[in-house]
Amino acid sequence: TTEGMHGLLVWAIAPLPTALTLATAVATTSRLSAPSGGNAGPAASVGSENIIAFDIDRLLRSDGRASPADYARSRAEAGRILLTASGHSSVNPEDRQYLVRLVATQANVPAADAERRVDTAITRARENITRARRSSVILAFMAGAAALLGAAAAWFAAEAGARHGRNPDQLSIWGARRNITSRRT
């Protein structure tokens, strides 16, 4: 009915200012928390790196100190390579060997230890990315279900409001009709 459509219209329009405010806040926050200072070069951080940040830390962990520029570049390269771990073909052999050499050089460890670290990091990165994907699917489903429930509630509330507007002496809650004027006397 018309009242139900009005309820859906109000339900659809009301969240827009909130969504606009949240989008602005997210855009501002992500810009402020971005690690790169402005020039996006090869050492710039990977956008999804925080999903696998701990794995990259463990991969490149070392007793010695490397120069910050080399470390940032190595970290960014390792992050980009590890993000391919969740694809159908996983990490290709050339990238895996490059990552082994990078870890051996950066962390100053033997090649066998670097290979073990890389295999562990690839496995963990794949698990973490899969877990993040599953969580986003569940979150999207829950948001959709909440939106659907909100639409139904708006529809029924608008219908009840219209019935009450046409006959203010009758109150209908869950199908039980009561006469309000009899209680007032």
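All of these numbers come straight from a predicted model, not from anything done at the bench.

So what's going on with a nonpolar patch on the surface? Which residues, and what values?
On the surface, a cluster of nonpolar side chains totalling about 300 Å² of accessible area is made up of L9, I13 and L16. With respect to the helices, strands and loops of the structure, I13 is situated in helix α1 (residues 2–13).

So, the packing of helix α3 (residues 53–60) against helix α6 (residues 111–166): which residues are in play, and what are the values?
The N-to-C vectors of α3 and α6 enclose an angle of 175°; their axes lie 9 Å apart at closest approach. It follows from the interaxial angle that α3 and α6 lie roughly antiparallel. Taking contact as the criterion, the partners of D55, R58, L59 and L60 in α3 are, on α6, R117, V118, A121, R124, A125 and N128. Along the lines of polarity and charge, the residues of the contact of α3 with α6 split into five nonpolar, one polar and four charged.

Any details on the packing of α1 against α6? Residues and values, ideally.
At their nearest, the axes of α1 and α6 sit 7 Å apart, and the two run at 135° to each other. When the axis of α1 is compared with that of α6, the two are oblique. Handedness of the crossing formed by α1 with α6: right-handed. Only A147, G150, A151, A154, W155, A158, E159, A162 and R166 of α6 make contact with α1, whose side of the interface consists of E3, G4, M5, G7, L8 and W11. For the contact of α1 with α6, the class distribution of residues is nine nonpolar, three polar and three charged.

An account of the pattern of salt bridges is requested, with residue identities and associated values reported.
Tallied over the full model, the rule gives six salt bridges. In this structure, R116 and D113 form a salt bridge, with 2.3 Å as the shortest nitrogen-oxygen distance. In this pair, R116 and D113 both sit in helix α6, three residues apart, roughly one turn of the helix. For R116, a relative accessible area of 51% translates into the label exposed. Shared partners join several salt bridges into a network, and the residues in it are R96, E115 and D119.

Criteria and thresholds
- Residues numbered from 1 in each chain as written.
- Predicted model: local features only at pLDDT ≥ 70, side-chain atom pairs only at ≥ 80, totals over all residues.
- Heavy atoms only, no water.
- Patch = residues over 30% accessible without salt bridge, like charges linked within 9 Å, V, L, I, M, F, W, Y side chains within 5 Å.
- Areas by Shrake-Rupley, 256 points an atom, 1.4 Å probe, with all protein chains shown as cover.
- Salt bridge = Lys/Arg side-chain N within 4 Å of Asp/Glu carboxyl O.
- Helix = DSSP H or I, 4+ residues; strand = E, 2+ residues; numbered from the N terminus.
- Axes fitted to C-alpha atoms, helices over the stretch in contact; angles between N-to-C directions.
- Parallel < 35°, antiparallel > 145°, perpendicular 65-115°, else oblique.
- Contact = heavy atoms within 4.5 Å.
- Nonpolar A, V, L, I, M, F, W, Y, C, P; charged D, E, K, R; others polar.
- Left-handed = near helix turned anticlockwise from the far one by under 90°.
- Buried < 20%, exposed > 50% of the residue type's maximum accessible area, 1.4 Å probe, protein only.

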